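Architecture at a glance
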Amino acid sequence: MLFGKNIRSIHFCEQCMPRPRKELICVEQTPYYHCVSRCVRRACLCGKDSFTGKSYEHRRGWVERRLYFLARVFAIDLCAYAVMSNHTHVVLRVATERAQQWSNKHVLRQWHKLHRGTRLTQLYAQGATLSQAERATVNACVSVYRQRLQSISWFMRELNEYIARQANKEDDCTGRFWEGRFKSQALLDEAALLSCMVYVDLNPLRAGMVIAPEDARFTSIAARIRAFKTRRQPPRLMPFIPPTGISNSLHLPLSTTDYITLVDYTGRCIAANKKGVIPASLLPILERIHVDQAHWLSVTQKFEQHFRGAASAPLSTQKALNTYCTVA
């Protein structure tokens, strides 16, 4: 009887164990993923050490700059991010079709921005003449690098290892900086994608760090609002549907104006007695940031020329608002 209880206990534990990464990330099901990394140290990632009084706020810039750099290197789009005191949130899109279109030399050039590669890959990238056997070796390397450049695991590895090394060097210590591997969550439809992006962008607000989304530095919503005010698009963030209404597979399923309004709306839907609600006395966000919507539309007519991809269906603003109001 005791043996039988142990068997049932083991079976239960196996069901509760974390699932392998290969079962959590499947680009055939969805290209969108929410990833979270948490710091293991008392001093935190970017917070203030309550014992020594030392501030680590400058590390937020490390994370943001590294994210932008990796978005240029990988065939992975950065949809949203928030750099918090002891953890980071990122929403990513795997652009498999882009990675498959890259030439062998382009794959090597991208990979060499991260690592030296091999002597043969360096020679091939420089245009040197190689033997048939050497070219076969290079082709095998290119195949591996192409897969890595569209891998969320490698993206997060290049982010977290870099930050850990920088932090260890600054702290003059060794050892683990992150709380194990990052956690990932598949976003299977447009509602899940948009709700997760809003969740990430409102993280500083919910933590009580700011009273308005545009005040939260080192978040994607702050970067989008800064660009929006100057009639530009954030160069390293995945774009929303342009004002022309012509979208493709590289556009997020909402317009910039609608998304910014949605973030503001959702922040106000949080119960007033909860920490992190946008005060009702604040003006609507488009009035607060002094945006002339008519001018914005006129200067962004050629927006779609900067992006490539196949057509995709947009999600209506009202549907999104109803979804978030229900969640709130």
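Note that the coordinates shown come from a computational prediction; the quantities given were computed from them, not determined experimentally.

Residues Leu-45, Phe-74, Leu-78, Tyr-81, Leu-92, Ile-152 and Met-156 are the most contacted members of the largest nonpolar core, which totals 50 residues. Every element with two or more residues in this core is listed here: β1 (32-38), α3 (59-73), β2 (76-83), β3 (87-94), α5 (104-112), α6 (119-125), α7 (132-148) and α8 (152-171). The greatest single-element share of this core, amounting to eight residues, is contributed by α8. Looking at which domains feed residues into this core, each of domain 1 (34-184) and domain 2 (188-327) supplies at least three. Other than its neighbours up to four places away in sequence, Ile-152 contacts Ile-25, Tyr-33, Cys-35, Ile-76, Leu-92, Val-94 and Phe-182.

Scanning the entire structure with this criterion turns up six aromatic pairs. Between the aromatic rings of Trp-111 and Tyr-145, the centroid separation amounts to 4.9 Å while the plane-to-plane angle is 10°, which identifies the pairing as stacked. Linking Trp-111 in helix α5 with Tyr-145 in helix α7, this pair joins segments that are 34 residues apart in sequence. The two residues Trp-111 and Tyr-145 agree in class, both being buried. Ring geometry for Trp-111 versus Trp-154: centroids 5.5 Å apart, planes at 70°, classification edge-to-face. With a gap of 43 residues between them, Trp-111 in helix α5 and Trp-154 in helix α8 connect regions that are remote in the sequence.

It is worth spelling out the sheet that holds strand β4 (residues 183-186) at this point. Within the open sheet, the four strands sit side by side as β2-β3-β1-β4. Their pairing is antiparallel. The open sheet has two edge strands with one neighbour each: β2 and β4. The mean angle between the axes of side-by-side strands here comes to 20°, regardless of whether they run parallel or antiparallel.

A rise of 1.5 Å per residue sets the reference length of helix α9 (residues 190-201), with its 12 residues, at 16 Å; its end C-alpha atoms lie 16 Å apart and thus fit the reference within 8%. Within α9, burial applies to Leu-193, Leu-194, Cys-196, Met-197, Val-198, Val-200 and Asp-201. Two or three places before Ala-191, at the start of α9, stands the capping residue Asp-189, its side-chain oxygen 3.3 Å from that residue's backbone nitrogen.

With that out of the way, let us pick up helix α11 (residues 220-229). Among the 10 residues in α11, eight count as buried, and that is most of the element. All of the buried residues in α11 are Ser-220, Ile-221, Ala-222, Ala-223, Arg-224, Ile-225, Ala-227 and Phe-228. Looking at the residues trailing α11, positive phi occurs at Arg-231, about 60°.

Quick look at a positive patch on the surface now. The grouping of Arg-72, Lys-105, Arg-109, Lys-113 and Arg-236 at the surface amounts to a positive patch. Of note, Arg-72 is situated in helix α3. With a relative accessible area of 39%, Arg-72 lands in the partly exposed category.

On to the packing of α9 against helix α12 (residues 256-269), then. At a minimum axis separation of 10 Å, α9 and α12 run at an interaxial angle of 65°. For the element pair α9 / α12, the angle class is roughly perpendicular. The interaxial crossing formed by α9 with α12 has right-handed handedness. Residues Leu-194, Met-197, Val-198 and Asp-201 of α9 form the contact with α12, whose own contacting residues are Tyr-259, Leu-262, Val-263 and Thr-266. When the residues that make up the contact of α9 with α12 are grouped by side-chain class, the tally is six nonpolar, one polar and one charged.

Rules used in this analysis
Every chain is numbered on its own, with residues counted from 1 as its sequence reads. Per-residue local features are limited, in this predicted model, to residues with pLDDT of at least 70; the limit for side-chain atom pairs, both in listing and counting, is 80 or more; totals at the level of whole chains, interfaces and linings are taken over all residues. Excluding hydrogens and water, the side-chain values take into account all heavy atoms of the structure. The set of buried Ala, Val, Leu, Ile, Met, Phe, Trp, Tyr and Cys residues whose side-chain atoms join them within 4.5 Å is what this entry labels a nonpolar core. Note on exposure labels: buried denotes an accessible area under 20% of the residue type's maximum, exposed denotes more than 50%, and partly exposed covers the range between, all computed with a 1.4 Å probe on protein chains only. For helices the rule is a DSSP run of H or I covering at least 4 residues; for strands it is a run of E covering at least 2, with both sets numbered from the N terminus onward. Start and end points for every domain follow an automatic or database-based domain assignment. Residue contacts follow a heavy-atom distance rule, with two residues in contact if any of their heavy atoms lie within 4.5 Å. Each Phe, Tyr or Trp ring (for Trp, its six-membered ring) is paired with any other whose centre lies within 6.5 Å, and the angle between the two planes then decides the class: stacked below 30 degrees, edge-to-face above 60, tilted in between. In this description, strands pair whenever DSSP reports at least two bridges between them. Here an angle of 0 to 180 degrees is reported between the N-to-C directions of two axes, which are lines fitted to C-alpha atoms, with helices fitted over the stretch in contact. Here the expected length of a helix is defined as 1.5 Å per residue gap, with one fewer gap than residues. We call two N or O atoms a polar contact when they sit within 3.5 Å, provided that within protein one can donate a hydrogen and the other can accept it, with sequence-adjacent residues counted only if both atoms are side-chain atoms. Two distance rules govern patches: like charges are joined within 9 Å, and nonpolar side chains (Val, Leu, Ile, Met, Phe, Trp, Tyr) within 5 Å, applied only to residues with over 30% relative accessible area and no salt bridge. Accessible surface area values rest on a Shrake-Rupley calculation with a 1.4 Å probe, where residue burial reflects the displayed protein chains alone. The term salt bridge refers to a side-chain nitrogen of Lys or Arg lying within 4 Å of a carboxyl oxygen of Asp or Glu. Charged residues are defined narrowly, with Lys and Arg counted positive, Asp and Glu counted negative, and His plus the chain ends left uncounted. Charge positions come from single atoms, namely NZ of Lys, CZ of Arg, CG of Asp or CD of Glu. Orientation labels follow simple angle bins: below 35 degrees gives roughly parallel, above 145 gives roughly antiparallel, 65 to 115 gives roughly perpendicular, and whatever is left gives oblique. Here is the rule for handedness: rotate from the far helix to the near one, and if that takes an anticlockwise turn smaller than a right angle the crossing is left-handed, while a clockwise turn gives right-handed. Residue type decides the class: Asp, Glu, Lys and Arg count as charged, Ala, Val, Leu, Ile, Met, Phe, Trp, Tyr, Cys and Pro as nonpolar, and the leftover types, Gly among them, as polar.

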